[in-house]
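Residue-level structure breakdown
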Amino acid sequence: MKRFPIRWIATLHLGIFSIVCKAPAEQDTFRPEAGKFPPMEKAHSYQGELTFVDHANRRGSIRIDGNGKFRFTDPSPFALLPYGLVRYQGAPADLRDIPLGTVMHVKAFLPPDPKISAVPVLPTDTRLKKYGNAGTGVAPAENYVYILEDEPSHCKRLGLVWKLQEVELKEKAGMIVARREPKAGIGQIHEETFSVDATTRFWRGRERLCITDLMNEKTWPKNGEKDLNDQTVFLGITWKPTPGGVFKRFHVSDIWLDELAMERAAQIQNETHKAFIRSRWMPGWVDKVEYGKFGRAKVTVTLFGGMDDSLYTDFKKGGKAMLASSENTLKHWAGGTAGTAQMASRGILIEVSKTDKRGSPGSSGIEVSLETNLVTEGFRPGKVIRIRPESWPLLEVPREEYIHHTRDGIEKRFPTPDIFPKY
Amino acid sequence: MKLNFARWVSTLHLVLFILVSNARPEEQPFRPETGKFPPLEKAHSYRGELVFVDHANRRGSIRIQGEGMYFRNKPHPFAMLPYGIIRYHNAPAQLRDIPLGTVLHVRAFLPPDPKLSAVPVLPINNRNKTAGYSGKGIAPAENHVILLEDEASHCLREGKVWELKEVNIKDGAGKIIARRESKNSGTKAEEETMTFDAATRIWRGLEKLQVADLVHEGTWPESGKKSLKDQAVLLGITWRPTPDGVFTRFHVSDVWLDDVSIQRAARNQTETHKAFIRSRWMPAFVDAIEYGKFGTATVTATLFGGMDDSLYADFKKDVSAMMNPVENTLKHTHGAAPAIWPAEAQSLRSQGSKAMLRLAAAVSGFDSRPT
Amino acid sequence: MLRAIILMISLPITLLSANKSFEGFLNDHCISCHGPKKEKGDLRIDKLSRDFKVGADGHLWAEIVERINAGEMPPKKEPRPTESEIASVIGQLDTRISEGRAARMAARPPVAHYRLSRKEYRNTVHDLLGVRYDPTKPGELNADPLWHGFERIGSLLTLSPSHVERYYKAAETVLARAFPLKPVEAKKVRMTAADIHYNGGKQQQKYLDQFGIKRPLRALIFPGRLQQAFRHNWFGRTGPEHSGLYRAKMQVSGIRPKGGQVAHLRIGKRTFEAANEGLLELDVMGPEDKPEILKFEVFLEMPASLDFNLIASDIIDRRKGAHYRNAFSSTSYIFTHSSETTLLNPIAPKMFDEEGDGIFSFVLLDWIEWEGPIVSESEKATRNGLLPENNATSTEVAQLLKNFAERAWRRPVKINELQPYLRSYEEERKLGEKVFDAYQVALLGMLTSRNFTYLVEGDVKARERLNDWELASRLSYFLWSSMPDPSLFNTAKESKLTSDKKALAAHVDRMLADSKIERFIEDFPRQWLQLHKLGMFPPDLKLYPDYEVWLEASMREEVVQYFDEVFRQNLAIDSFLQSDWTMANPRLCDFYGFPEPNKGGFQRVALRPEDNRGGLLTTGAILGLTSDGTRHRPVHRGVWVSETIFGKTPPPPPANVDPIEPNPPDSPKATIRQKLEAHAHNPNCAACHKNIDPLGLAFDQFDAIGQWRTHERVEKGTGSNPPVNPGGKMPDGRTFSDASEFKNLLIEDRDRFLKAFVEHLCTYALRRVLTIDDREDIHSIVEEAKRTNYKLKDIVRAVALSEFIQKR
């Protein structure tokens, strides 16, 4: 197999990357506070393969790409911040939507409250620690995730594209060299070699193709190399075990050959997420509570960000709404025989306003106020809530997604890291 | 898609199933034994939604469809038997390949060895217990799975097909009435109403479509009802929250309109699985060991089934091979027994799925009665 | 919704000047059809008995009044009597009927029996044997029937066979308590907030440890749900023998909204899901970080269970959702301090805001400690020397029994009266019972004798005056609601009560100064003012969200406290009508809008004119008990004023009067007064209403729970709520513009009020209905009261020292 030269651009990129990496180390004790969206620039960035998902508790494990041998890296547990965003195929998503094995980009913080962390709390300097063959950077203490996004989402958010350089194939499998660069043309360029095979899906317009289709069309060679002339694509990236000598090489699971194909994938994911949010309600947190007599209160909340605009426009001034106490896991509550909706407070949206609090992806910048006749304990500034405008369907969420106040103990509110195996 | 119906098969199947169901409680509880593949007909059947996966330990949880209010059902833990087969898109698969939320058909047994069960061991009669609003059958003790398959795989294996009766659409989403028919059945199965929405994927030939595309083409109406005239399709089924009054209603995630489309999906999944098995090796049971001198031995093993033929075809006589003892979870023993790592086959005779290896050193893991 | 009913009432007192006798009216309008010529409806009015005391034709006379009153008679085609003629004839007939009824109720046979009320029974067994026993507990003695609020009218207190059995049971209980088989040891138990949680709060503590929370668990006692205050099993095995006085202390904090209701804790027996019967009412004022220790004593019938109930006007009840409230009792609601909110169940109602101020009023409990049963030395002393020694002779036993009987029966006892009891003693002895046990059988007989459960007055040979013993009991049941004490007995024995006016006065003064006078202060106003009607129709919480049990209890207590103040300060009874002060606790201050007091409990509060209160008539209790839970009832209020202030009961309304319809949605909103006036066009109605209604309409500026208002809230109709008109004209023509002026007019009539008040006191003291024959005796007491400037204590004293009270 031919070795592709590492071009000077990649070297440059690495240089910049290591500089960026060092800077936040000096302010490594930053922790997000309840009720405040943290500035994205304070987040620690890494990427890795999703290896485990506990979607009901919005957490999982990721095998982080450090500077060593990838296969030696233990899955590293992470939890999503309540306003943490998950994006898949260029659209908002829930953890359950992401296939295991997908390589994700992560921006994360230290646990906001180590006492109630749902994942192991690590010493704050672990991201600089070397873990044997796996190298450094594979177990950062920053395991509370602000943004978790797959490759296409990452590229879309940052305005990047992949440009295919060369492919070399043998028996329906082989290597592909691609470069990620800003769509606009100016900026860092990152080059990488991936494996492709018969499992790789190719998306073109409405079509779903496989590698043999491309071969039959002669777009790709049956055997040998071919220059792909900077063909602009989006890549879906996963990982598969590599031969012993290869420290790290990712695999291309999907190639979106044109914008339409990518857009159609995003559309389906967006619709999936819209249906998800409509059934689980919009998460947000309480900004303030103004009290009336005997439990009457006006509760003002900020809706979390990153979702489809149509979800936000469903919140209309004067409309009815339901407001439910939630948890950092965004779980609902139920009690007795009362379902999740029955536990919510009902009221009228007396204000819906765009604030200037955006500037952070966790926030939608939308503040709504609801007047309720019985304010419950969960409506306290900084606490997470779920809110449902009247137009959304009234559905019952499944058992693992709510906490039953008499049957479930505190462990269900504050899941402990016990679920994660120690390696 | 060309689909033929000979309905008597379905009827026969149903009758048999009822007989088997009735007869079962009187029997001694059946447990699979180590080294023996249990008969599929002794398995308990159920279906439900995959809600949790611990793929590394080949286990997870399923919300099982019972008689009551589906959403209240607690996720029910299950473990794959070592030889348990998973099928997705009509191809062999791993747990990690199946998206959470997929509705799966399950055939399962009592834990072979309750002491070592990786999931909770329940009272044997648990499947007949009523659990409040959830109703009966949502937590069977039969939680060791021999066959786990998605709707498409299930239909194709059993010779069934979904006939679409009617679609009722509003704002790009709605309900579809369909009936799962046996291709050779004489009687009609019961109708089921399922939801679909703008996220439902519709596969036709090479195309991946959405509901909007069908509406645009005029195949489906923009609004209101339309008869679909028993159009034969395969369905991918998931579950989404339903209103309180609706006990159980499933959701259509995928519709395969023709053979090409499902074959494409199957091919992709087959390749995924092949790559997976090649990197993790073929699992098998040890049948016999003939000991030689100084630790050498000839080990005969039966390869587990349900995979693509090409994988079995790779086991050729006189080809060198490696063998590693693994656990019931099929986890490798990494670095634990370097002595056997270079174990080299002296001879390999292929007998169906039996493989015989001559090892330079036998270790305790190669026991004809592994625990 | 309750439908309003219009009452038609005539007021006889205003009609004395009517110039035509009722016989004339009957001749002119009735006899032609119901007389010798015609006998319509088999009725010959000319033949009806005019002897109203006998009451032979009482029901027919009542029917005649009813028909005339209702306008049915004379028939339409006959000549119409005038409005004043109707008023006159109804007034005269009703007066005669009432006087006849009173005379019958007051009639005394040679020997008269007056049964002790339940409260008197309770006091009597305590003073006799030092035993605490509560006959009002369900399953004990039957409730006392009431006559215009009075619960001690002899002619009403009859005994049914089932009642007799209950007296046996009561006597057994009392004796078992006085002479327990084994002495009962007092025990002390302290329960912390954790202890009263399920499983001792172990799970909660585990979570606190897990989250590193150092503060201990506090029990949140919140509105709408009862929580354990006392469980008999905290004391191990308990039975009725452990009944008695229990002393408690507890450490609590009271949380409340800024400027909101003081947290009020009620401790009592559970009655419903979120209700208990108040044994103790406590305002908790200690803030969260400075809990206070409250101490109290309570009498418990064991085995007992008591619950805390947080009383507040807004509770988290079923209407708002029990499913929220239930979240408090799960192990996922762990309260330590308002600054530690992590372990509070988010779906529980929020109890305090971000500053730690209450959203509701509630109490935090750290611990409660109980000790009991406690028997005081004076209680023990009452039992000294009551029981015979084990080797006592029959003579000694007979003597002891005689001593006991004279106290229990409150008179000298002849030995032959003791025979049945001695016989049962001997029989028990023969059967092998010990002296101690056999003797108690005799005591049981004594306590179930009519001589104990009744006040017996008179002899086989009729006499007019009481003897000394009878007078001693009459005085002591009048002032103490209990039996005479040894000192009074001694003077009776010397026959000085009836013969030595000085000795009598000395005793009356002593009794008025004794702490037992509290029983009079509590019992008399309750009966006189008919406080039992308060809360009889619970106010509609939709209309009156501020109303709750503690407010109601406070209202009731205000009246008693007010009476107490007038009594102890010996103020003139004018104070009952108008004053520039009242007695209020923090809850009432909040309700009336007075400044908040800086301590709990009842206290004298100065009134400003803008408070629009003063006197009894504008207290929440009186305004509430004359309403129906939905709206104020001007006519009821008028009747109440007439009965309580003037001592005159108007005749009852005719049957089948059309109710006042609720305001139609499409017509302008109208006040109740406007609707009443519309009805008054009917002369039959107008005749009576014009005399009674003004007495009630004067209070139209107060709604059904006694809140001040300027406009009447009308649920349906067009336009805004109409302003109320509290002005009116007295039957004698004097006018007033509001309640305050009306009260002044009443004060001008203070002699009438005094006479009525004396009549009420005498009814209470003599335990019978008064008649026309008692006029002169009443008059002389009234004259005495005038001499002492209408002062309350002096009036009570005058009654106690009067000739009248010595008459049978």
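Residues numbered from 1 in each chain as written. Chains lettered and ligands numbered in written order. Predicted model: local features only at pLDDT ≥ 70, side-chain atom pairs only at ≥ 80, totals over all residues. Heavy atoms only, no water.

1. Details of the overall build of chain B
Basically, it comes down to this: Only DSSP runs of H or I reaching four residues or more are called helices, and only runs of E reaching two or more are called strands; each is numbered from the N terminus. Buried means the residue's accessible area, taken with a 1.4 Å probe over protein chains only, is under 20% of the maximum for its type, while exposed means over 50%, and partly exposed covers the values in between. Per-residue and other accessible areas follow the Shrake-Rupley method at a 1.4 Å probe size, with only the shown protein chains counted as cover for residues.
On a plain count of helices and strands, chain B comes out with five helices and 16 strands. Taking all 371 residues of chain B together, 49% fall into the buried category. Here chain B displays about 17,200 Å² of accessible surface, and carbon together with sulfur accounts for 53% of that area.

2. Overview of the overall build of chain C
The criterion, for reference: Throughout, the radius of gyration refers to the C-alpha atoms, and the reference size of a globule is 2.2 Å times the residue count to the power 0.38. Contact criterion: two residues are considered in contact whenever any of their non-hydrogen atoms come within 4.5 Å of each other. In this tally Asp and Glu are treated as negative and Lys and Arg as positive; neither His nor the chain ends contributes. Think of each charge as sitting on NZ of Lys, CZ of Arg, CG of Asp or CD of Glu.
The secondary structure content of chain C amounts to 28 helices and 17 strands. For 808 residues, the compact-globule formula gives about 28 Å, and the C-alpha radius of gyration of chain C, at 30 Å, lands near that figure. Summarising its shape, the C-alpha atoms of chain C cover approximately 95 × 80 × 50 Å along the three principal directions. Here chain C holds 808 residues, and 56% of them are scored as buried. Once local pairs closer than 6 in sequence are excluded, the contacts in chain C between residues at least 24 apart make up 73%. Surface summary for chain C: the accessible area is close to 34,600 Å², and the carbon and sulfur share equals 51%. Between the averaged position of the 113 positive side-chain charges in chain C and that of its 111 negative side-chain charges there is a distance of 2 Å.

3. Overview of the side chain of Thr73 of chain A
All names here are of chain A. Mapped onto the elements, Thr73 comes out in the loop between strand E2 (59-64) and strand E3 (75-88). With relative accessibility at 3%, the residue Thr73 sits in the buried group. Ignoring anything within four residues of it in the chain, the contact list for Thr73 reads Arg63, Ile64, Ala134 and Val138.

4. A short note on the sheet that holds strand E20 (residues 345-354) of chain A
Residues and elements named next belong to chain A. This is how it is decided: We treat two strands as partners when DSSP finds at least two bridges between them. Note on geometry: axes are C-alpha line fits, over the in-contact stretch for helices, and angles between N-to-C directions span 0 to 180 degrees.
If you trace the six strands once around the closed barrel, you get E16-E17-E21-E20-E18-E22, paired in antiparallel fashion. When strand polarity is set aside, the average angle formed by the axes of neighbouring strands in this sheet is 45°. Of the strand pairs in this sheet, E20 and strand E21 (residues 363-372) are connected by seven bridges, and their pairing is antiparallel. Bridge pairing in E21 places Ile348 opposite Glu371.

5. Side note on the interface of chain C and chain A
Worth spelling out the cut-off: Buried area is understood as the total, over both parts, of accessible area removed when two parts are fitted together, assessed with a 1.4 Å probe. We define a salt bridge as a contact between a side-chain nitrogen of Lys or Arg and a carboxyl oxygen of Asp or Glu at a distance within 4 Å. Note that Gly is not counted as nonpolar here; it falls among the polar residues with everything else outside the nonpolar set of Ala, Val, Leu, Ile, Met, Phe, Trp, Tyr, Cys and Pro and the charged set of Asp, Glu, Lys and Arg.
Across the boundary between the two partners, chain C contributes 32 residues, which contact 33 residues of chain A. Of the roughly 2,800 Å² buried between chain C and chain A, counting both surfaces, carbon and sulfur atoms make up 63%. Counting the surface chain C buries against chain A, the share from its top three residues, Pro346, Ile347 and Lys350 of chain C, is 24%. Applying the counting rule to chain C against chain A returns one salt bridge. A salt bridge links Arg380 of chain A to Glu354 of chain C, with the nearest nitrogen and oxygen atoms 3.3 Å apart. Elements represented by at least two residues in the side of chain C that touches chain A include exactly helix H6 (202-210) and helix H7 (322-325) of chain C. In the side of chain C that touches chain A, the residues fall into 16 nonpolar, ten polar and six charged.

6. Topic: the domain arrangement of chain C
Residues and elements named next belong to chain C. This is how the line gets drawn: The source of the domain bounds is an automatic or database domain assignment.
What the domain assignment reports for chain C is domain 1 (114-179 + 383-458) and domain 2 (187-377). Contacts between domain 1 and domain 2 engage six residues on the former and seven residues on the latter. Of the roughly 620 Å² buried at the junction of domain 1 and domain 2 (both faces included), carbon and sulfur atoms supply 54%. Interface area lost by domain 1 to domain 2 is led by Arg132, Lys137 and Arg177, which between them contribute 75%.

7. A short note on unusual backbone geometry
Residues and elements named next belong to chain C. In this chain, Met302 is followed by Pro303 through a cis amide linkage whose omega measures 0°. For Pro303, the location among the structural elements is in the loop between strand E9 (292-300) and strand E10 (305-311). Pro373 follows Gly372 through a cis peptide bond whose omega is 0°. For Pro373, the position within the fold is in strand E11 (residues 362-374). Phi at Asn789 takes a positive value of approximately 60°, unusual for a residue other than glycine. One can find Asn789 in the loop between helix H27 (775-787) and helix H28 (792-801).

8. Focus: the nonpolar core
Condition: Nine residue types can take part in a nonpolar core, namely buried Ala, Val, Leu, Ile, Met, Phe, Trp, Tyr and Cys, and a core is a set of them joined through side-chain atoms within 4.5 Å.
By size, the foremost hydrophobic cluster in this structure holds 142 residues, and its most contacted members are Leu129, Phe404, Phe478, Phe520, Phe576 and Phe757 of chain C. Counting residues per element, this core draws most heavily on helix H26 (residues 750-766) of chain C, which supplies nine residues.

9. Some words on the domain arrangement of chain B
Residues and elements named next belong to chain B. In plain terms, the rule: The definition of a polar contact used here is a pair of N or O atoms within 3.5 Å, where within protein one atom must be able to donate a hydrogen and the other to accept one, and adjacent residues in sequence count solely through side-chain atom pairs.
Domain parsing of chain B yields domain 1 (7-155) and domain 2 (281-359). With eleven residues of domain 1 in contact, the opposing surface of domain 2 contributes eleven residues. For the pairing of domain 1 and domain 2, the buried interface totals around 1,000 Å² over both sides, and the portion due to carbon and sulfur atoms is 69%. Taken as a group, Phe37, Asn57 and Pro82 account for 42% of the area that domain 1 buries against domain 2, more than any other trio of residues on that side. Across the contact surface, domain 1 and domain 2 share zero salt bridges. Summed over the shared surface of domain 1 and domain 2, the number is one residue pair in polar contact (both at pLDDT 80 or more).

10. Description of the interface of chain A and chain B
Across the contact, 42 residues belong to chain A and 43 residues belong to chain B. A buried area of about 3,600 Å², summed over both sides, lies between chain A and chain B, and 55% of it is on carbon and sulfur atoms. By the criterion of area lost to chain B, the three top residues of chain A are Arg206, Arg208 and Glu396 of chain A, representing 21% of everything that side buries. Here chain A is connected to chain B by six salt bridges. For Asp213 of chain A, the salt bridge identified is with Arg264 of chain B, shortest N-O distance 2.2 Å. Seen at the junction of chain A and chain B, the total is 15 residue pairs in polar contact (both at pLDDT 80 or more). Sorting the residues of the side of chain A that touches chain B by element identifies strand E1 (44-54), strand E12 (201-204), strand E13 (207-210), helix H3 (211-216) and helix H4 (259-280) of chain A as the ones contributing at least two each. Broken down by element, the residue count for the side of chain A that touches chain B peaks at nine residues, all from H4 of chain A.

11. A word on the packing of helix H4 (residues 118-129) of chain C against helix H5 (residues 161-178) of chain C
Residue and element names in this part refer to chain C. To keep things clear, this is the line we draw: We call two directions roughly parallel when the angle between them is under 35 degrees, roughly antiparallel when it is over 145, roughly perpendicular when it lies between 65 and 115, and oblique otherwise. Put simply, a crossing is left-handed when the front helix is turned counterclockwise from the back one by less than a right angle, and right-handed when it is turned clockwise.
Where H4 contacts H5, the two axes come as close as 11 Å, and the packing angle between them is 30°. The orientation of H4 with respect to H5, classified from their angle, is roughly parallel. Relative to H5, H4 is oriented so that their crossing is right-handed. Of the residues in H5, those touching H4 at Tyr121, Val125 and Leu129 are Tyr167, Ala170, Ala171, Val174, Leu175 and Ala178. Each residue belonging to the contact of H4 with H5 can be placed in one class, and the counts come to nine nonpolar, no polar and no charged.

12. Observations regarding the pattern of salt bridges
Applying the stated criterion to the full structure yields 111 salt bridges over all chains. The partner of Glu377 of chain A in a salt bridge is Arg380 of chain A, and the shortest N-O contact between them spans 2.7 Å. Like Glu377 of chain A, the residue Arg380 of chain A is buried in the burial classification. Two residues, Lys786 of chain C and Glu783 of chain C, come together in a salt bridge whose shortest N-O distance is 3.4 Å. Pair noted here: Lys786 of chain C and Glu783 of chain C are both in helix H27, with a separation of three residues, about one helical turn. Taking relative accessible area as the criterion, Glu783 of chain C reaches 27% and is therefore assigned partly exposed.

13. Regarding the packing of aromatic side chains
Residues and elements named next belong to chain A. To keep things clear, this is the line we draw: Working definition: rings of Phe, Tyr and Trp (its six-membered ring) pair if their centres are within 6.5 Å, and the pair is stacked with planes under 30 degrees apart, edge-to-face with planes over 60 apart, and tilted otherwise.
On inspection of all chains with the given rule, the structure shows 64 aromatic pairs over all chains. Their ring planes at 85° and their centres at 5.4 Å tell us that Tyr83 and Tyr146 sit as a pair that is edge-to-face. Taken together, the residues span a long stretch of sequence, with Tyr83 in strand E3 and Tyr146 in strand E8 (residues 144-150) at a distance of 63 residues. Pair check on accessibility: Tyr83 and Tyr146 agree, each one buried.

14. Focus on the sheet that holds strand E8 (residues 275-284) of chain C
Residue and element names in this part refer to chain C. Spatially, the four strands line up as an open sheet ordered E5-E10-E7-E8, and their pairing is antiparallel. The sheet is open, and its two edges are formed by strand E5 (227-231) and E8, each paired on a single side. Neighbour-to-neighbour, the strand axes of the sheet open up by a mean angle of 30°, direction not taken into account. Of the pairings in the sheet, the one linking strand E7 (residues 263-272) to E8 comprises nine bridges and is antiparallel in character.

15. A look at the environment of Ile169 of chain B
All names here are of chain B. Following the sequence through the fold, Ile169 ends up in strand E7 (residues 160-170). On the basis of relative accessibility, which here comes to 1%, the residue Ile169 falls in the buried class. Contacts of Ile169, omitting those with residues within four sequence positions, involve Gly174, Phe196, Val211, Val215, Pro221, Glu222, Ser223 and Gly224.

16. Quick look at the pairing of E1 of chain A
Along a regular strand, successive side chains alternate from one face of the sheet to the other. Residue and element names in this part refer to chain A. The buried count for E1 comes to ten of eleven residues, which makes it a mostly enclosed element. As judged from the six bridges shared by E1 and strand E5 (residues 103-109), these two strands associate in the antiparallel manner. From the neighbouring strand, His44 faces E5, where its bridge partner is Ala108. If you look at the hairpin formed by E1 and E2, you'll find four residues sitting between the two strands, and Arg58 has a positive phi there, around 50°.

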